[in-house]
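Listed below are the residues making up each chain.
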Amino acid sequence: MAKAKQTSVYFCQSCGYESAKWMGQCPGYHEWNTFVEEKVVKGDSSSASFRIASAAKGGASSMTSATVTSIGDVSGEEGIRESSGIDELDRVLGGGVMKGSLTLIGGDPGIGKSTLLLQVCRNMSAAGRKVLYVSGEESAAQIKMRADRIGKFDGDMKLLCETDLNAIAEVMRSMIPDVCVIDSIQTMYSEQVSSAPGSVSQVRESTQVLMQLAKVLGISVFIVGHVTKEGTVAGPRVLEHMVDTVLYFEGDRHASYRILRGVKNRFGSTNEIGVFEMRGEGLVQVTNPSEYLLNGRPLDASGCIVSCSMEGTRPILVEIQSLVCRSNLGVPRRQATGVDYNRVNLLMAVLEKRCGMHLGDCDAYVNLTGGMKLTEPALDLAMVLAIVSSFKNQSVPASVVAFGEVGLSGEVRTVSQVAQRVSEAVRLGFKTVIVPAPSLEDAKKAAGRDAEIIGVSNVREAVDRVI
Ligand code: TYD
Ligand code: MG
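All residue numbers refer to positions counted from 1 along the written sequence of the respective chain. By the order in which they are written, chains take letters starting at A while ligands take numbers starting at 1. In keeping with the predicted nature of the model, local features appear solely for residues at pLDDT of at least 70, side-chain atom pairs appear and are counted solely at 80 or more, and the whole-chain, interface and lining totals rest on all residues. Excluding hydrogens and water, the side-chain figures rest on all heavy atoms present in the structure.

For the rest of this paragraph, the subject is the overall build of the protein. Under the scheme used here, helices are H or I runs from DSSP no shorter than 4 residues and strands are E runs no shorter than 2 residues, and both carry numbers assigned from the N terminus. Within the protein, the regular secondary structure consists of 13 helices and 23 strands. For the C-alpha atoms alone, the extent of the protein along its principal axes is close to 75 × 50 × 50 Å. Think of it in three bands: residues with accessible area under 20% of the maximum for their type are buried, residues over 50% are exposed, and the middle band is partly exposed, with areas taken using a 1.4 Å probe on protein chains only. Looking at the protein residue by residue over its 467 residues, the buried ones come to 50%. The contact criterion used is simple: two residues touch if any of their non-hydrogen atoms lie within 4.5 Å. When contacts within the protein are restricted to residue pairs at least 6 apart in sequence, those whose partners lie at least 24 apart make up 68%. Surface exposure here means Shrake-Rupley accessible area, sampled with a 1.4 Å probe, where a residue is shielded only by the protein chains that are shown. As displayed, the protein has an accessible area near 21000 Å², and 51% of this comes from carbon and sulfur atoms. Charge assignment: positive for Lys and Arg, negative for Asp and Glu; neither His nor the chain ends contribute. Here the site of a charge means atom NZ of a Lys, CZ of an Arg, CG of an Asp or CD of a Glu. Charge centroids of the protein, computed over 49 positive and 52 negative side chains, lie 2 Å from each other.

Below, the structure is given as structure tokens:
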């Protein structure tokens, strides 16, 4: 075996790009000043993850003989899933917590990652599972205080306040819990890696060790990862490809609701979302997000319209607001909150060219209320109508919902899952639904006699019909 040799390597702390020398700008994602020197041992067989892998295979010697299997001989049975006791989380996970899976939960500090996982631990320990909660950030007393806030603990949950990964691995091996939470991965360190906790090589090594433990011992492991100001978990693009499932907690810290979004899922579909509200007693599920998001909207204000976006399998109604006013600046201000800024600029250019509206010297603000962030092109038509409504200072009737993708020549293109979107609008009592013309029949079938369906084939037609 090659002799282990310690070398200096520079890692981009944001995306994990590896380089032999220091660089000012990362060639990966072009960020500046993200390179940090870390010492790594090349060709090292003493690393914890290596040792665990070989132990699982019955000693280092058996590493040399690999066995191949034909695909027909592999039993295709589904893994064992268990409910986390929180339906919104189960859905994002693809139907429950998969045994032996490694799930990363990322999000801004204070958004509620520890609270959610503590609730999962409470539910699963109450269901008779062995649960281990490892905290490298808080003392046992602090966790107890939070536990008291979220309610009664029926089961026996074990706490471990530790940051040394070898010690944690030892406990996991002797206890073999069903569920283990690591809060957070950035505080963990392994002696085998000399760089500081939270650095790319530490985070990578720690995750590798946890992955091996999860697979070998069949433990469902949740790891918490903090997100840096750029919006990625520190060292985390590295992390994302190593783990089975990546969930992000989003939402305005000032607003009380939180959105849990699936970004990667080896056991289910991605882009499912779970909606929660942070209350005094912890996170509470919001089972009816459309109603929640539309609560208290103005009914006859100009520049406001409701649209429908599909989040995974679930349609969600959201309100889009726009404010267009004459600019006092040489270069007009454009601002987008919750929707894509470039998309707003593009749609304004389409309106200028295809509908002859002089928006070039107007400031424009487009806002998705409730702090949601959505990028689905199905919101285009509603954004266009909101902008025109504000520009003309004429309101859109409050009972209208519009969705459809807008192309560069001003055409309204069809979008997926029209029937689900229309049904959701009808369920919430909307009377008129503006849909792309090609989807008219599908939409009519879904709406029955409860709502009027209007099919539009271009932006001009849509504007004429509602404003
Ligand atoms: P926390 O789970 O500690 O966030 P994270 O682990 O993502 O950093 O959540 C902390 C915030 O949530 C804190 O500002 C207090 C608030 N909170 C409540 O509003 N209600 C509660 O029941 C709990 C436990 C926390
Ligand atoms: Mg926390």
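This part is about the site of ligand 1. Here a residue is considered near a molecule or strand provided that any single heavy atom belonging to it is located within 4 Å of it. Lining the immediate environment of ligand 1, one finds 15 residues, of which Ser 114, Thr 115, Arg 146, Arg 279 and Gly 282 sit closest. For this analysis, a polar contact is any N or O atom pair within 3.5 Å, provided that within protein one partner can donate a hydrogen and the other can accept it, and provided that sequence-adjacent residues contribute only side-chain to side-chain pairs. Arg 149 is positioned with one of its side-chain polar atoms (N or O) 3.0 Å from a nitrogen atom of ligand 1. In the environment of ligand 1, an oxygen atom lies 2.6 Å from a nitrogen or oxygen atom belonging to the backbone of Gly 282. Those elements giving two or more residues to the shell around ligand 1 turn out to be α3 (113-126), α4 (140-150) and β13 (273-279). The dominant element in the shell around ligand 1, judged by the number of residues it contributes, is α3, at three residues. Residues that form the shell around ligand 1 fall into these classes: three nonpolar, six polar and six charged. Residue type decides the class: Asp, Glu, Lys and Arg count as charged, Ala, Val, Leu, Ile, Met, Phe, Trp, Tyr, Cys and Pro as nonpolar, and the leftover types, Gly among them, as polar.

What follows covers the packing of helix α10 (residues 380-392) against helix α13 (residues 459-466). Axis lines are fitted through C-alpha atoms, for helices just across the contact stretch, and the angle between N-to-C directions can take any value from 0 to 180 degrees. Interaxial distance between α10 and α13 falls to 10 Å at its minimum, and their mutual angle equals 55°. The angle between α10 and α13 falls in the class oblique. Note that α10 runs across α13; the crossing there is right-handed. Between α10 and α13, the residues in contact are Leu 381, Val 384, Leu 385, Val 388 and Lys 392 and Val 459, Ala 462, Val 463 and Val 466, respectively. In terms of residue class, the contact of α10 with α13 is built from eight nonpolar, no polar and one charged. These descriptions rest on fixed angle ranges, namely under 35 degrees for roughly parallel, over 145 for roughly antiparallel, 65 to 115 for roughly perpendicular, and the rest for oblique. Left-handed describes a crossing whose near helix is turned anticlockwise from the far helix through less than a right angle; right-handed describes the clockwise counterpart.

To qualify as a nonpolar core, a set must consist of buried Ala, Val, Leu, Ile, Met, Phe, Trp, Tyr and Cys residues joined through side-chain atoms within 4.5 Å. Grouped together as the largest cluster of nonpolar side chains are 48 residues, with contacts concentrated most on Leu 351, Met 372, Leu 381 and Leu 385. The element that contributes the greatest number of residues to this core is α10, accounting for eight residues. A domain assignment, automatic or from a database, supplies the domain bounds used here. No fewer than three residues from each of domain 2 (48-58 + 81-287) and domain 3 (292-466) sit in this core.

Take the packing of aromatic side chains next. Stacked, tilted and edge-to-face pairs are distinguished by plane angle, under 30 degrees for stacked and over 60 for edge-to-face with tilted covering the rest, among Phe, Tyr and Trp rings (Trp via its six-membered ring) whose centres lie within 6.5 Å. Tallying each qualifying case throughout the model produces three aromatic pairs. Between Tyr 17 and Phe 35 the ring centres are 6.3 Å apart and the planes differ by 85°, which places this aromatic pair in the edge-to-face class. With Tyr 17 in the loop between β1 (5-12) and β2 (18-19) and Phe 35 in strand β3 (residues 35-42), this pair connects stretches of sequence that are 18 residues apart. Assessed through its relative accessible area of 6%, Phe 35 is described here as buried. Aromatic side chains Tyr 257 and Tyr 292 sit 5.8 Å apart centroid to centroid with 90° between the ring planes, which places their arrangement in the edge-to-face category. Here Tyr 257, found in strand β12 (residues 257-265), pairs with Tyr 292, found in helix α8 (residues 289-294); they are 35 residues apart in sequence, far enough to count as distant. A relative accessible area of 6% means that Tyr 257 is categorised as buried. With relative accessibility at 25%, the residue Tyr 292 sits in the partly exposed group. The rule is short: NZ of Lys or CZ of Arg within 6 Å of the ring centre and within 35 degrees of the ring normal puts a charge over the ring. The ring of Phe 403 is capped by Arg 421, whose NZ or CZ atom sits 5.6 Å from the centre of that ring.

Within the element layout of this structure, Ser 70 appears in the loop between α1 (48-56) and β4 (81-82). When its relative accessible area of 40% is taken as the criterion, Ser 70 is described as partly exposed. The spacing of Ser 70 and Asp 450 is 380 residues in sequence and 55 Å in space, taken between C-alpha atoms. A polar side-chain atom of Ser 70 sits 2.9 Å from a polar atom in the side chain of Asp 73.

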